[in-house]
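Examination of the molecular architecture
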Amino acid sequence: MSIAGATAGELLARMERGDITSADVTAAYLDVIDSHDGEVRAFVQVDRESALSQAREVDRRRGAGEHLGLLAGLPVAIKDILCTEGTRTTCCSRMLENFVPPYDAHAITLLKNADAVLIGKTNMDEFAMGSSTEHSYFGATRNPWDLECAPGGSSGGSAAAVAAQMSPLAVGTDTGGSIRQPAGFCGVVGMKPTYGRISRYGLVAFASSLDQIGPFANDVHGAALLLEAMSGYDQRDSTCIDTPVPRYSKTVEEPLEGLKIGVAAEHFVDGLDPEVEAAINAALDVYESLGAEIREINLPHAPYAVSVYYLIAPSEASSNLARYDGVHYGHRAESFENLVDMFSASRGEGFGDEVKRRIMLGTYALSAGYYDAYYLKALKVRRLIRQDFDKAFADIDVILSPVSPTPAFRIGEHDDDPLGMYLADIYTLSANLAGLPGISIPAGFSSAGLPIGLQLMAPPLEEERLLRAARMFERETEWHTKRPALADRSS
Ligand code: GLN
């Protein structure tokens, strides 16, 4: 298998055996980026020399017999919302177009400690607001399976980079599905860990009670590796959970005996594409053939998840984004008449339409007179959504559902229909509202040749269970081995 088509585990083994070096691996991915990223636009920044010099340093240390970290010499692509010291971090917004952070996010520090090669920063919806990566100041990313289609979002660049074999691993963030939905659209594995599993220090805030960092990979083991490398307690994030990090990359290979899978009627509603439904049913058959028991469950408040999320997330965003005032850092308008005008001109020029829409929605929901009716009520329903899960998980181990109601939509399809785009998040939002871990894994293709993902969710901090359950399915199927033709042409 060519380097770019290999899994993270295969590459690590080949580097350990001395068959290939990290410099070979890194150069192979950089070559795919050179040949294809003009079309896909997964990356907003790639520094070839920096990536190769990181790789050579790992090779030198390996040669000297030094002990190396978990991801020794493996390229990892980073969503451009994680602060990287000395390297621009733009959130794909004009507001931060020239922002160079003076420090690394905690997850980036851990990746460096794990001896990963940071290969570049990936494209995303501005400030992670969106489900298509069309709302990027630098232009849309395209789905490697069909360049007319969106890769999903907001971590569309990271998902497309892995799908197009431009990196074996990538980091994304998931506030309301932004890892799992693009993973589903691009036919790769994407995981949102439990809220608090990975420190949010140095992650540019969108909705702080929902934001989580997580891995993309081309197989479940790769996701386990990257999750293991980035997890761990950090006192600089007060919501970070202080609990030991399991060896996800080892335990992922152990199948689960007597797995009980919950399927919720609320997840099979109008608007679910029949091809997606068929793929989910086929996946349930696979699990049954492995001895799993399928049980019907109810998540009665699931239908409210979209409304609750689109009140809470914009409310938190309107508060978090107040810091971009043109004074401390970020874009400042050139002409203005007075201080208030400077704030307003800087923000008017610096933010794109979707970000402005969210700020307006959030400001409205938080304003005196509407706070109780909207924001406070949304918090109460959020609690009910969490309670639904607590009840369901008393009898089952994991919940299986679609990731998105349809396969990838076309670029521009939702231009005049933001609500239609919000509804695409219907199956992913609940896990964020309840703080649960969720994973999206490849589960088939539509008749148009677009990937279809399936989602598994587990109780808080049960990432091991989630990964093991996902790996059981992956072992029986070949969906995760498929690569888009775009990438084949280059290898
Ligand atoms: N699509 C959702 C939104 O637009 C989720 C985004 C995310 O998870 N960052 O808010």
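Residues numbered from 1 in each chain as written. Predicted model: local features only at pLDDT ≥ 70, side-chain atom pairs only at ≥ 80, totals over all residues. Heavy atoms only, no water.

Regarding the overall build of the protein chain
For the protein chain, the count of helices and strands is 17 helices and eleven strands. A globule of 491 residues ought to have a C-alpha radius of gyration of about 23 Å, and the protein chain, at 21 Å, matches this closely. If one aligns the C-alpha atoms of the protein chain with their principal axes, the spans along those axes are about 65 × 55 × 45 Å. Counting all 491 residues of the protein chain, 62% fall into the buried class. Look at the contacts in the protein chain between residues 6 or more apart in sequence, and 75% of them connect residues 24 or more apart. Carbon together with sulfur atoms contributes 50% to the accessible area of the protein chain, which is approximately 18,200 Å² in total. Of the side chains in the protein chain, 43 bear a positive and 67 a negative charge, and the two mean positions are spaced by 4 Å. (Helix = DSSP H or I, 4+ residues; strand = E, 2+ residues; numbered from the N terminus. Rg over C-alpha atoms; globule rule 2.2 N^0.38 Å. Buried < 20%, exposed > 50% of the residue type's maximum accessible area, 1.4 Å probe, protein only. Contact = heavy atoms within 4.5 Å. Areas by Shrake-Rupley, 256 points an atom, 1.4 Å probe, with all protein chains shown as cover. Lys, Arg positive; Asp, Glu negative; His and termini not counted. Charge placed at Lys NZ, Arg CZ, Asp CG, Glu CD.)

What about helix H4 (residues 106-113)?
Taken residue by residue, H4 has His-106, Ala-107, Ile-108, Leu-110 and Leu-111 as its buried positions. Packing partners of the buried residues in H4 comprise strand S2 (75-79), strand S3 (117-122), strand S4 (169-173), strand S6 (213-217) and helix H7 (220-230). Phi turns positive one or two residues past the end of H4, at Asp-115, with a value near 65°.

So, the pairing of strand S9 (residues 398-402)
Burial analysis of S9 places five of its five residues in the buried class, which makes it a mostly covered element. The pairing of strand S7 (residues 260-264) with S9 spans two bridges and is classified as parallel. Of the residues in S9, the one forming a bridge with Gly-262 is Ile-399. Here S9 runs beside strand S11 (residues 451-457); their pairing, made up of four bridges, is antiparallel. Counterpart to Ser-401 in the pairing with S11 is Gln-455. (Pairing = 2+ DSSP bridges.)

Quick look at the pattern of salt bridges
Summed over the entire model, instances satisfying the criterion amount to 21 salt bridges. Taking the shortest distance from any N to any O, the salt bridge between Asp-80 and Lys-121 comes out at 2.9 Å. Placement of the pair is Asp-80 in the loop between S2 and H4 and Lys-121 in strand S3, with a sequence separation of 41 residues. By the burial criterion, Asp-80 is buried, and Lys-121 matches it. (Salt bridge = Lys/Arg side-chain N within 4 Å of Asp/Glu carboxyl O.)

A word on the packing of aromatic side chains
How two aromatic rings sit relative to each other is given by the distance of their centres and the angle of their planes. Using the criterion set out here, one finds 18 aromatic pairs in the structure. Ring pairs connect the aromatic residues Phe-99, Phe-127, Tyr-324, Tyr-329 and Phe-351, which therefore count as one cluster. (Phe/Tyr/Trp six-rings, centres within 6.5 Å; stacked < 30°, edge-to-face > 60°.)

What about the packing of helix H10 (residues 305-320) against helix H12 (residues 353-366)?
Running from N to C, H10 and H12 point in directions that differ by 100°, and their axes come no closer than 7 Å. Comparing the axis directions of H10 and H12 gives the class roughly perpendicular. Of H12, the residues touching H10 (which contributes Tyr-310, Leu-311, Pro-314, Ser-315 and Ser-318) are Arg-358, Ile-359, Leu-361, Gly-362, Thr-363, Ala-365 and Leu-366. Taken together, the residues that form the contact of H10 with H12 break down as seven nonpolar, four polar and one charged. (Axes fitted to C-alpha atoms, helices over the stretch in contact; angles between N-to-C directions. Parallel < 35°, antiparallel > 145°, perpendicular 65-115°, else oblique. Nonpolar A, V, L, I, M, F, W, Y, C, P; charged D, E, K, R; others polar.)

Observations concerning the state of the cysteines
One pass over the full model with this rule turns up zero disulfides. Free of any disulfide, Cys-186 has its nearest cysteine sulfur in Cys-149, 10 Å distant. (Disulfide = S-S within 2.5 Å.)

Some words on the site of the ligand
The environment of the ligand is formed by 15 residues, the closest being Ser-131, Gly-176, Ser-178, Tyr-309 and Arg-358. Measuring from an oxygen atom of the ligand, one finds a backbone N or O atom of Gly-176 at 2.6 Å. Relative to its unbound accessible area of 290 Å², the ligand is 99% covered by the protein chains. Each residue belonging to the shell around the ligand can be placed in one class, and the counts come to five nonpolar, seven polar and three charged. (Near = heavy atom within 4 Å. Polar contact = N/O pair within 3.5 Å; in protein donor to acceptor, adjacent residues only side chain to side chain.)

Note that every value here comes from positions in space, so none of it alone points to a role or purpose.
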